[in-house]
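# Inside the fold
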Amino acid sequence: MPIHIGLAGWGDQDALYGPNVKAKDRLKEYAKHFPLVEVDSSFYAIQPPERFAKWTEETPESLHFIVKAYQGMTGHQRGPAAAAAANDPDSTFAAFCDSIMPVMEAGRLRAALFQYPPWFDCTRDNVRILRETKRRMEGIPVALEFRHQSWFTEEYRERTLDFMRQEGWVHSVCDEPQAGLGSIPTVLEATDEAMTVVRFHGRNASGWNQGGAPNWRDVRYLYRYNSDELRQWAEYLQQLQQQSEHICVIFNNNSGGDAADNAKQMMALLGQLRPDGRDPLEPREEPPQYEQLDLF
């Protein structure tokens, strides 16, 4: 039962790339380091199928994808675009499913990730929305991540997990700050025998609820897991292995560039090699430095 480790996005993972790696080649280089990547650009706009086809064709078969659902499908978005998505959800969902089909057909899609906003609480209407979403995503593996604590209160925790099992949702287990209603506890329960997703958001409690601040994206995920925290999670991941065939782990704590290092530390703790067969903790190769001779 394998554990697959990767990062949320690849474009800004500067620790992985040397100065000579061009932006267009970063995903190909990324695939040497990790077997899994989360596509986040799909959250901001539904990507053209040709883009997913290109990413699939240019990377080895060892690289698999988790694709984050478009924000108009999860209720994050405001304004005219959100209204358009709400007025014609079937077309929005169909366009998203079409966009990821090249990855799906290549057998390299782990899941479409539906992360709902902090105001998406445990209500009858929202349960209905989840059922409709699952129906529209028929045939595609879908992972579900909550951001409102009400889904996992003592009263609703087991009912939420049972609902996810019955409806066919993959549980996205989170490690994140415990910072009020807009955060959820770590619930080490699989809801699907084939797969469980685990996402590391860091533990920056003071920065978690600063969504209105101008630099909130730079603050929320600013956290570096220490060795003890990673060792504890290595044990948790092995527990989840007893419940699901595939454990897909995404490090999202990248505000300070810590995600790649923490992911590689976790691979080392689990005795894993990089997809290219090298040690995950091996330093990045730097281009040779030549001495400039003063000839004149």
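Above this text sits the structure in question.
Residues numbered from 1 in each chain as written. Predicted model: local features only at pLDDT ≥ 70, side-chain atom pairs only at ≥ 80, totals over all residues. Heavy atoms only, no water.

### Considerations on the overall build of the protein
Formally: Helix and strand definitions here come from DSSP, where helices need a minimum of 4 consecutive H or I residues and strands a minimum of 2 consecutive E residues; each element is numbered from the N-terminal end. Each residue's exposure class comes from its accessible area (1.4 Å probe, protein chains only) as a fraction of the maximum for that residue type: buried when under 20%, exposed when over 50%, partly exposed otherwise. By definition in these notes, contact holds between two residues if any of their heavy atoms fall within 4.5 Å. All accessibility values rest on the Shrake-Rupley procedure with a 1.4 Å probe; residue burial counts only the protein chains present in the view.
Helix and strand counts for the protein stand at 12 helices and 8 strands. Relative to its 296 residues, the protein shows a buried fraction of 50%. Once local pairs closer than 6 in sequence are excluded, the contacts in the protein between residues at least 24 apart make up 77%. A total of about 14300 Å² of accessible surface is found on the protein, and carbon and sulfur atoms cover 49% of it.

### Notes on the nonpolar core
We count it as follows: Residues enter a nonpolar core if they are buried and are Ala, Val, Leu, Ile, Met, Phe, Trp, Tyr or Cys, with the set joined through side-chain atoms within 4.5 Å.
Core analysis: the largest hydrophobic core is formed by 66 residues, its most contacted members being Tyr30, Phe114, Met137, Phe251 and Met266. With residues up to four places along the chain from it excluded, the contact list for Met137 reads Met73, Phe93, Phe96, Cys97, Ala112, Phe114 and Val142. Listed in part, the 11 residues of the second largest apolar core include Leu113, Val170, Met195 and Ile250.

### Let's talk about the pattern of salt bridges
The criterion, for reference: Criterion for a salt bridge: a side-chain nitrogen of Lys or Arg within 4 Å of a carboxyl oxygen of Asp or Glu.
Applying the stated criterion across every chain, the model contains 23 salt bridges. Arg136 is paired through a salt bridge with Glu132; the nearest N and O atoms lie 4.0 Å apart. You can see Arg136 and its partner Glu132 sitting in helix H7 (residues 124–136), 4 residues apart, about one turn around the helix. For Glu132, a relative accessible area of 26% translates into the label partly exposed. Between Glu145 and Arg147 there is a salt bridge, with its nearest N and O atoms 3.9 Å apart.

### Here's the deal with the pairing of strand S2 (residues 36–39)
For a regular strand, side-chain orientation follows a simple rule: the groups alternate between the two sheet faces. This is how it is decided: Pairs of strands are assigned from DSSP output, requiring at least two bridges between the strands. Seen with the strands pointing away from the viewer, any crossover whose path from the first strand over the helix to the second strand runs clockwise is right-handed.
Burial of the side chains of S2 extends over both faces: Leu36 and Glu38 are buried on one face and Val37 and Val39 on the other. Note: strand S1 (residues 3–8) against S2, 3 bridges, orientation parallel. Bridge assignment links Gly6 to a residue of S2, and that residue is Leu36. With helix H1 (residues 26–33) bridging S1 and its parallel neighbour S2, the resulting β-α-β unit is right-handed. Pairing between S2 and strand S3 (residues 64–68): 4 bridges, direction parallel.

### Some remarks on H1
Put simply, the test is: By arc we mean the arc of the directions from the helix axis to the C-beta atoms, nothing more.
Taken together, the buried positions of H1 are occupied by Arg26, Leu27, Tyr30, Ala31 and His33. Buried residues of H1 fall within an arc of 150 degrees about the axis and therefore sit on the same side. Check the buried side of H1 and you find it contacts S1, S2, helix H3 (49–57), S3 and helix H12 (259–269).

### Details of the packing of aromatic side chains
Quick note on the threshold: Two rings belonging to Phe, Tyr or Trp (six-membered ring only in the last case) form a pair when the distance between their centres is within 6.5 Å. Interplanar angles under 30 degrees mark stacking, angles over 60 mark edge-to-face geometry, and anything in between is tilted.
Going through the model one piece at a time under the given rule, you end up with 17 aromatic pairs. Summarising the aromatic geometry, the rings of Phe43 and Tyr44 are spaced 5.1 Å apart at their centres and angled 90 degrees between planes, so their arrangement reads as edge-to-face. Taking the centre distance of 6.4 Å and the plane angle of 85 degrees together, the rings of Tyr225 and Phe251 count as edge-to-face. Residue Tyr225 is found in the loop between helix H10 (216–220) and helix H11 (227–241), and its partner Phe251 is found in strand S8 (residues 246–251); the two are separated by 26 residues along the sequence. With relative accessibility at 2%, the residue Tyr225 sits in the buried group. Taken together, the ring pairs in this structure connect Phe93, Phe114, Tyr116, Phe120, Phe146, Trp151, Phe152 and Trp169 into an aromatic cluster.

### Concerning the pairing of strand S4 (residues 109–115)
The element S4 is largely enclosed, with a buried count of 7 among its 7 residues. A crossover links S4 with its parallel partner strand S5 (residues 142–145), the connecting element being H7, and its sense is right-handed.

### Overview of the sheet that holds S1
What counts is decided by this rule: Only the contacting stretch of a helix is used when fitting its axis, a line to C-alpha atoms as for every element, and angles between N-to-C directions run 0 to 180 degrees.
With parallel pairing, the 8 strands of this closed barrel are ordered in space as S1-S2-S3-S4-S5-S6-S7-S8. On average, each strand axis in the sheet is tilted by 25 degrees relative to the strand beside it, whichever way the strands run. As paired strands, strand S7 (residues 195–200) and S8 are joined by 6 bridges and run parallel to one another. Each bridged residue has a counterpart across the sheet, and for Val198 the counterpart in S8 is Val249.

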